[in-house]
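Residues per chain are reported as follows:
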Amino acid sequence: MSDIPPLRQRLRRTAPDDGATVRSSRPAILIGAAGIALLVASAFLSWTYNPSLLDDLTVYGFPSPTQVLLLALAAYAVIQLVLRLPRADRWRRLFGRQSGLRRLSAGIIAFVVVVMLAIVVQDKARFAALDPGAWVALAGAVLLWAGARWLPADQHVIQEHHRFPAVVEILIVVGFVAALLFGAAYGLDLQDGALLVVFLAFVGALAAGMSGGGVFDWLSIIFAHHRTVLLTASMVAAMMFPLTQNGSDANMAIATNVLIFAATAMGLNIVVGLAGLLDLGYIAFLGAGAYVGAALSESAFATIGVKPPFLLVVLLGACISATLGLIIGSPTLRVSGDYLAIVTLAFGEIFRLSMFNLDGNNGPNLTRGPNGINAIPELNLFGFDFGETHTIAGFAITRMANYYLLLLLLIAFIILVFTRLNNSRIGRGWVAIREDEKAAEAMGVNVFGLKLFAFAGGAFLAGLAGTIKAHADTAVSPDSYQFLESAFLLAAVVLGGMGTVGGVLVGAVILKLLPEKLRFFSENRLLLFGVLLVLMMRFRPEGLVASKRRKLEFHEDDTELAERVEHVHMEEVK
């Protein structure tokens with residue numbers, strides 16, 4: 001160990017490129033530049049003869065919105081290529097790692113292929129529908145990828161983080177959040193499913209290039225230094241989102257469903273992501289909260305005569321869900337792993353069948369059986385009617401936008417609870433149980449108590465979301481709480497990144513937004529989700545937004561990654 005230099009010395013070490021490296025990179029840079037030139041030229045050519053496809057790609061000399069996205073990727077490729085020049089040595093180590101250009105070029109190939117497939121699938125002429133512009137773009141993307149692959153490997157040196165003045169960094173944080181808001185509004189406003197898929201391919205290619213180039217590592221350090229600004233800007237941007245939808249209640253209904261799904265998945269993230277307890281019946285806790293909200297509402301079909309205030313109903317729904325969490329968590333002292341998964345799966349099915357049978361014939365009339373409880377009235381809190389459209393500064397805040405804003409406050413509360421627990425001794429105890437239960441118990445961790453608390457806490461958060469969901473949907477029925485919904489919640493946690501807030505939000509958006517916007521995706525979503533998860537397990541098992549610990553767990557042999565993670569962590573805690 002004494003032969004290894006301290007990390008700080010390694011960080012300060014410089015390794016300028018020598019002449020041989022510069023000479024060897026010139027052919028690759030020229031090939032990459034030729035590929036970018038072809039990409040730019042293709043944006044001014046026709047890609048198909050059919051003007052009804054992808055917002056008209058038939059115009060020569062004027063790029064369509066899809067081609068503008070390709071130009072944006074080409075512009076970023078230019079930046080990555082310029083950073084390979086000798087005089088850009090300092091900035092290259094921050095934003096222009098070789099893997100960045102490689103991933104970006106592969107992403108551009110995927111983007112062009114997605115556009116070509118969208119044309120081929122939608123036009124009867126198939127491949128004959130492709131005009132020369134599409135083939136020129138594909139040739140340019142392949143040429144850029146070949147140039148990126150030919151570039152000499154980066155020297156294994158980590159540069160110290162470059163700090164800007166505080167004002168500049170705050171502007172970077174605000175600009176990043178504003179870009180996310182604009183991107184979300186643009187994507188949700190796209191009515192053509194093919195255009196949405198193309199836009200997602202663009203986002204994926206750009207994110208791959210930024211991740212490989214080191215931009216996200218650099219941003220994470222800035223975010224750590226300006227955490228309050230980031231949280232404030234994110235909350236403001238999320239609250240401004242309804243103003244970007246021009247009063248569209250359909251889009252806001254999708255956004256509301258995404259928030260309900262994300263809030264529930266966040267509770268599951270405590271159980272699965274932190275404590276490592278596989279729960280396949282988690283949707284039952286959301287259903288319990290929804291049924292409590294419906295049964296105690298002003299609905300004519302409500303089965304309980306008591307009509308308490310909604311704030312009290314929220315607490316009752318959450319507490320009943322937490323009680324169910326304690327019940328399902330109690331067997332964890334004796335079972336674990338696959339057996340626990342089977343127990344929770346059975347619990348979810350028992351809950352659904354119980355809701356079916358509590359109809360007055362097979363038991364007390366609490367849920368009206370398969371008919372469910374309908375006509376749940378709109379919420380009215382402190383005189384604010386959630387069922388009416390309100391106008392603020394000329395912008396229409398529709399019914400679903402009202403529920404969206406309420407759920408936004410709820411999910412902010414859930415994120416606060418999750419992060420506080422994650423950073424506490426309780427969170428560290430959960431992680432210890434997840435990593436090695438026997439070792440944690442030997443070290444004095446109250447394993448059974450923490451497991452029960454994980455189940456009860458996660459169920460409590462799901463119950464909160466369930467009571468609001470009952471009013472947003474205006475009805476509850478047993479069919480809404482099947483095992484498939486639990487599987488999608490678990491998939492959102494695994495896909496996004498277990499144990500992280502951002503990962504679960506990303507996973508929830510992907511798994512809830514795509515079926516809502518893409519009809520063909522909805523019809524084959526099980527197949528597509530399966531393929532997506534298989535690809536994830538193969539290429540990125542730690543999830544889309546993984547925690548540093550899980551990155552190292554799945555890539556323990558990657559020395560460069562280990563040093564980069566250590567470097568980023570040091571910069572964040574300074």
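Look up: the structure comes first, before these words.
The text that follows walks through the structure, step by step, so that each part is easy to find. Note that the structure is a prediction, hence the values are computed from the model and not measured.

Turning our attention to helix 9 (residues 215-225). Among the 11 residues in helix 9, eight count as buried, and that is most of the element. Regarding helix 9, the residues found buried are Val215, Asp217, Trp218, Leu219, Ile221, Ile222, Phe223 and Ala224.

Turning our eyes to something else, we now look at the environment of Gly496. Mapped onto the elements, Gly496 comes out in helix 19 (residues 483-496). It is 9.9 Å that separates the C-alpha atoms of Gly496 and Met536, two residues lying 40 residues apart in sequence. Sequence-distant contacts of Gly496, that is, excluding residues within four places in its chain, are made with Gly503, Val504, Gly507, Gly543, Leu544, Val545 and Ala546.

On to the environment of Phe448. Relative to the assigned elements, Phe448 resides in helix 18 (residues 447-473). Phe448 gets classed as partly exposed once you look at its relative accessible area, which sits at 28%. Expressed as a C-alpha distance, the spacing of Phe448 and Ser330, which sit 118 residues apart in the sequence, is 8.3 Å.

Turning our attention to the nonpolar core. Counting residues in hydrophobic clusters, the biggest one holds 152 residues, and the most contacted among them are Leu54, Ile108, Phe111, Ile119 and Val476. Sort the elements by how many residues they give to this core and helix 11 (residues 249-274) lands first, with 16 residues. When residues no more than four places from it in sequence are discounted, the contact partners of Ile119 are Trp47, Thr48, Leu53, Leu54, Leu57, Ala129 and Leu130.

All right, on to the packing of aromatic side chains then. Under the criterion given, the structure shown has 13 aromatic pairs. Plain terms: the ring middles of Phe384 and Phe386 are 5.1 Å apart, the flat faces sit at 80° to each other, and that makes the pair edge-to-face. With a relative accessible area of 34%, Phe384 lands in the partly exposed category. The exposure class of Phe386 is buried, given its relative accessible area of 6%. Connected via pairs of aromatic rings, a cluster forms that spans Phe182, Tyr186, Phe199 and Phe202.

Thresholds applied
Residues numbered from 1 in each chain as written. Predicted model: local features only at pLDDT ≥ 70, side-chain atom pairs only at ≥ 80, totals over all residues. Heavy atoms only, no water. Buried < 20%, exposed > 50% of the residue type's maximum accessible area, 1.4 Å probe, protein only. Helix = DSSP H or I, 4+ residues; strand = E, 2+ residues; numbered from the N terminus. Contact = heavy atoms within 4.5 Å. Core = buried A, V, L, I, M, F, W, Y, C linked by side-chain atoms within 4.5 Å. Phe/Tyr/Trp six-rings, centres within 6.5 Å; stacked < 30°, edge-to-face > 60°.

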